[in-house]
Amino acid sequence: MKKKLWTACLAAVLVLTLGGCSAETAGQHPEGVVDTEPDKGLEVMGNHVTYDPNHLVNDGQPVTLEWWLWDAPDLFGQMAEAYMEIHPNVTINIINNPWDGFWTKLPLALQKGEKGPTLFNVHNSYQHLLLPYMAPYDIDLDQMQEDFFTAASHVIDGQIYYTDFGVMTGAIYYNKEMWAAAGLTQEDIPKTWDEFREVAKKLTIVEDGKMVQAGFNYNGDFQNLMLGVPYQYGGTIFKEDMQTVSFTGEGMIKTAKMLKDMYRVDGIGSEDFGTDAAQSFGQGQSAMVYKWGHFYGYMNTNYPDIEYGAFEIPTVTENPFAYDRYNGEATPGINKNASPAQMEAAQDFIRFYLANTRIQKELCMYYSLFPASNALRDDPEMLENPAIAAVSEHIEDYIWPGPMPSTLEDNMKIAAQDIMYNDKEIEKTLKTAEDIVNVDLANIDFTSAENLYYKYGQEG
Amino acid sequence: MKRKIMGAALFLVLLMMGVVTVVPFVWMVLSSFKTNAEISALEQTLLPKAFTLENYATLQSNFNFLRYFGNSVFIALVVTALVIYISCICGFVLSKYQFKGKNLIFGFIMMTMMIPWSVTIISRYTMFVDAGLQDSYLSLILPAMVSGFGIFMMKQDIGALPDELLEAARMDGANEFAIFHKIVLPMSKNSISAIAIFQFLWVWEDYLWPYLMIDSEEKQLLAVGLTTFNGRYSTDYGGLFAATTISIIPVLIIYIIFQKRFVAGVAAGAVKG
């Protein structure tokens, strides 16, 4: 009896193994059908980059693309569905990956040539890793620049391999309840850092010598402020060669001093008031924080009951060289080793993507991004999002330093700890950070895009 | 008296260690019934203030949880069964048969345990991709089915069985196949239990290799799925805790099934030679 049981178990294992190994990929789309109808009766989309759906892709023959992404498979899946509805011979299979592993697996997969994904989402900080595998978009450069205000910063040797569909930057988020409790109104929204510090003082509550409510909390964000605010003084982070940094310029030192004074002189916050400003804001302990657009999603996920608003980052002068730096969320890349049929379909899909403002609007709303498409700039629905509205007025005056290597943030974070916790001298600490970053940059193939900013050369 | 005090002190230390070990687990399970706001709230409580099943109800919307769960159970069971069987056969041969190069072979097997996985993973990846095994469960089963640890454990355990017992079986006409299945396997239950628990756990929590080899979402494993709760900017702790709570159940079941023999098995593998 036992022998029979063992045999049955082993047989079951074997059958399951074979069954599992040869299982069809049931969740994927079936192969596309042959499309014989070029005239879809649909309107041409887009302004300068246009998409005319009334044509056959790959002569109407079935073709399958894999599209790798790390987030929002439903949202990107809807786009793929919309495209496949127009071109039923094209099958786009969405493969969602965890963010952490994506950058390990994707380059390995792209080494497989046409067996790798045809389309893949890009983050500009990994441009150096992906560029060798990317095909340029088959779209006129001038048309791209007419439609997307950040496209110029993504031109590589006269071609575009990806661009931004939206951009994200920093803003000040404030707790509306605390704002009102301090007797502040919309009229009190500060424009300058001096005004900001006064407002923050009103929002600070200290009881029995102990801080119970920080007026402004930048714990964990010192390095982000340090890599943004100095632009307001007219300086750039990168030197003229665009490959080495300068952390000892006037803007950097003044910004560091201002941040330190906020805590030590004004007493509007404290480096000992928790290590995470976002959490402190969510827990109702801090009245104002400096955060990037993704904070909107963070609050929705973790603290949906907190009522908050956002306003543009204060400045040191009325017309700063740049308000802050921004970073973009990128359109997909195309595998340059894709088969000719896949390449044709992928290029066609990218054009559909770029000409379709509805798609871009959904994406920007989802990620709380200011749209890169000029057509969406004044969209009232998008401006209801405080993260988008806060930066909308002067978005042209934000600078993109390029896909910044992590060494900048990492070493500025260490400098922040030395300045705030170890009370080290600001100038010397920043010089040390600068030296370390420049050694790191010497080993990285990186060139900043600061000189593509329209005010570059007009620094103060 | 002194003995009693020492015993009580030892009991207290063990109790504290037990509490320290168990409390995070209990906290995670209870937190899976809290909202994200409560999980991140300033004032922490062990029990949920506002009990919610939302994290469990929305599990399936984040990824195909049940599918991933089923895939993980399938792979973990198959690999565990294969490892047990292969380890027992190898352990039997290496401990009870005399042939040239036996120690050399065993030495090689031991060496495989001493090479960090990070050293071999790139060459292994290239090899499996070139063999066309990407996105196939064979790529997960083949490299895991021969375990140096399992063979070592079983060699130690089977080596301790009296040779006379096997000789007696041979005298009674049993062939080697029968001896292995009817005598050796039943007498090695303790070590088999230990290997089963270890191996199941290793396969269950393995992340990088399944992630690299499996592309199709419908073939993906739970350990990979759990990482999707860690977004680029924030983590859905409620969802993560709920998914992790469920994912622990198979490991607990395996442990409950084999626990009686587990300690004896580990001890046997460790001291017999």
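Residues numbered from 1 in each chain as written. Chains lettered and ligands numbered in written order. Predicted model: local features only at pLDDT ≥ 70, side-chain atom pairs only at ≥ 80, totals over all residues.

So, the overall build of chain B
Summing up its helical and strand segments, chain B has 15 helices and zero strands in all. Projected onto its principal axes, the C-alpha positions of chain B cover 70 × 70 × 35 Å. Looking at chain B residue by residue over its 273 residues, the buried ones come to 33%. Contacts in chain B between residues at least 24 apart in sequence constitute 77% of all its contacts with a sequence separation of at least 6. (Helix = DSSP H or I, 4+ residues; strand = E, 2+ residues; numbered from the N terminus. Buried ≥ 20, exposed ≤ 12 C-beta atoms within 10 Å, placed from the backbone. Contact = placed C-beta atoms within 7 Å.)

Comments concerning the overall build of chain A
A count of helical and extended segments in chain A gives 16 helices and 14 strands. Taking the principal axes of its C-alpha atoms as reference, chain A extends roughly 75 × 70 × 45 Å. Counting every position in chain A, which comprises 460 residues, the buried fraction comes to 46%. Considering only contacts within chain A whose residues lie at least 6 apart along the sequence, 74% involve residues at least 24 apart.

Thoughts on the pairing of strand β2 (residues 90–96) of chain A
Residues and elements named next belong to chain A. Taking burial as the measure, the seven residues of β2 include seven buried ones, the bulk of the element. By the alternation rule, side chains of β2 split into V90, I92, I94 and N96 and T91, N93 and I95, which are all buried. Pairing analysis gives seven bridges linking strand β1 (residues 63–69) to β2, with the strands arranged parallel. Directly across from L65, in β2, lies its bridge partner I92. Handedness of the β1-helix α2 (residues 73–86)-β2 crossover: right-handed. (Pairing = 2+ DSSP bridges. Right-handed = clockwise from strand over helix to strand, strands pointing away.)

Some words on the domain arrangement of chain A
Residue and element names in this part refer to chain A. Once the domains are mapped, chain A shows domain 1 (39–163 + 329–382) and domain 2 (168–327 + 389–452). Here domain 1 and domain 2 have C-alpha centroids that lie 33 Å from each other. In this complex, domain 1 contributes twelve residues to the contact, which on the side of domain 2 involves 15 residues. (Domains from an automatic or database assignment.)

Comments concerning the interface of chain A and chain B
Each side of the interface is counted separately: chain A has 31 residues, and chain B has 29 residues. Breaking the side of chain A that touches chain B down by element, the ones donating at least two residues are α1 (2–21), β2, α3 (99–110), α10 (277–282) and α11 (295–302) of chain A. Its residues assigned to classes, the side of chain A that touches chain B shows eleven nonpolar, 15 polar and five charged. (Nonpolar A, V, L, I, M, F, W, Y, C, P; charged D, E, K, R; others polar.)

Overview of the nonpolar core
Counting 128 residues, the largest nonpolar core has W67, Y173, M288 and A346 of chain A as the members making the most contacts within it. Viewed by domain, this core spans two of them, domain 1 (39–163 + 329–382) and domain 2 (168–327 + 389–452) of chain A, each represented by three or more residues. Setting aside residues up to four positions removed in sequence, A346 of chain A forms contacts with L65, T118, L119, I334 and A338 of chain A. Core analysis: the second largest hydrophobic core is formed by 53 residues, V78, Y137, M153 and I195 of chain B among them. (Core = buried A, V, L, I, M, F, W, Y, C linked by C-beta atoms within 7 Å.)

A word on unusual backbone geometry
All names here are of chain A. The backbone of D59 sits at a positive phi, close to 55°, despite the residue not being glycine. Residue placement: D59 occurs in the loop between α1 and β1. On the neighbour-count criterion, D59 (13 C-beta atoms within 10 Å) is partly exposed. Phi angles above zero are rare outside glycine, and M242 is one such case at about 60°. The residue M242 is located in the loop between α8 (222–226) and α9 (250–264) in this model.

Let's talk about the confidence of the model for chain B
All names here are of chain B. On average, residues of chain B score 89 in pLDDT, and 96% of them are at 70 or above. Between the elements of chain B, mean pLDDT differs from a low of 76, seen in helix α4 (residues 59–62), to a high of 95, seen in helix α8 (residues 138–141). Our summary of model confidence lists the complex with pTM equal to 0.80 and ipTM equal to 0.72. (pLDDT = per-residue confidence, 0-100.)

Structural notes on helix α1 (residues 2–31) of chain B
Under the 1.5 Å per step criterion, the end-to-end length of α1 of chain B is 43 Å for 30 residues, consistent within 8% with the ideal 44 Å. Roughly 30° is the biggest bend found in α1 of chain B, and it falls at V22 of chain B, with proline P24 of chain B one to four residues downstream. (Expected span 1.5 Å × (residues − 1). Bend = angle between axes of the 7 residues up to and from the residue.)

Re the sheet that holds β1 of chain A
Residue and element names in this part refer to chain A. Reading across the sheet, the five strands line up as β2-β1-β3-β13-β4 and stay open at both edges, with mixed pairing between neighbours. Unpaired on one side and paired on the other, β2 and β4 (134–135) mark the two borders of the sheet. Where α2 meets the sheet, it contacts β1 and β2, and its direction lies at approximately 175° from that of β2. (Axes fitted to C-alpha atoms, helices over the stretch in contact; angles between N-to-C directions.)

Digging into the packing of helix α5 (residues 65–96) of chain B against helix α12 (residues 189–205) of chain B
Residue and element names in this part refer to chain B. Direction vectors running N to C along α5 and α12 enclose 140°, while the axes themselves pass 9 Å from each other. What the angle tells us is that α5 and α12 run oblique. For the crossing formed where α5 meets α12, the hand is right-handed. The segment α5 lies against α12, with S72, I75, A76, V79, T80, V83, I84, S87 and C88 engaging I192, I195, A196, Q199, F200, V203 and W204. In terms of residue class, the contact of α5 with α12 is built from twelve nonpolar, four polar and no charged. (Parallel < 35°, antiparallel > 145°, perpendicular 65-115°, else oblique. Left-handed = near helix turned anticlockwise from the far one by under 90°.)

Points about the pairing of strand β9 (residues 210–213) of chain A
All names here are of chain A. Across three bridges, strand β8 (residues 205–207) lies against β9 in antiparallel orientation. Residue pairing in the sheet places E207 in a bridge with K210 of β9. In textbook terms, the turn of a hairpin is the stretch between consecutive antiparallel strands, and for β8 and β9 this stretch comprises two residues, one of which, D208, has a positive phi near 50°.

Looking at the environment of P405 of chain A
All names here are of chain A. Looking at the element boundaries, P405 is found in the loop between α14 (386–392) and α15 (406–420). In the structure, P405 is positioned 36 residues away from L441 in sequence and 8.0 Å away in space, judged by C-alpha atoms. Residues contacting P405, with those up to four places away along its chain left out, are D440, L441, I444 and F446.

Examining the confidence of the model for chain A
Taken residue by residue, chain A gives an average pLDDT of 89. The fraction at 70 or more is 93%. Low pLDDT (under 50) marks residues 5–28 of chain A, which in the prediction has 18 contacts with non-local residues, meaning those over four places away or in another chain.

Examining helix α6 (residues 102–114) of chain B
The first and last C-alpha atoms of α6 of chain B sit 19 Å apart over 13 residues, in line with the 18 Å expected at 1.5 Å per residue. Taking burial as the measure, the 13 residues of α6 of chain B include zero buried ones, a minor fraction of the element.

Considering the environment of I248 of chain B
In this structure, I248 of chain B sits in helix α15 (residues 237–271). Between the C-alpha atoms of I248 of chain B and E205 of chain B, which are 43 residues apart in sequence, the distance is 9.9 Å.

Notes on the environment of N62 of chain B
All names here are of chain B. Along the polypeptide, N62 turns up in helix α4. Here the alpha-carbon distance between N62 and G239, two residues 177 residues apart in the chain, equals 8.5 Å. With residues up to four places along the chain from it excluded, the contact list for N62 reads T228, F229 and G239.

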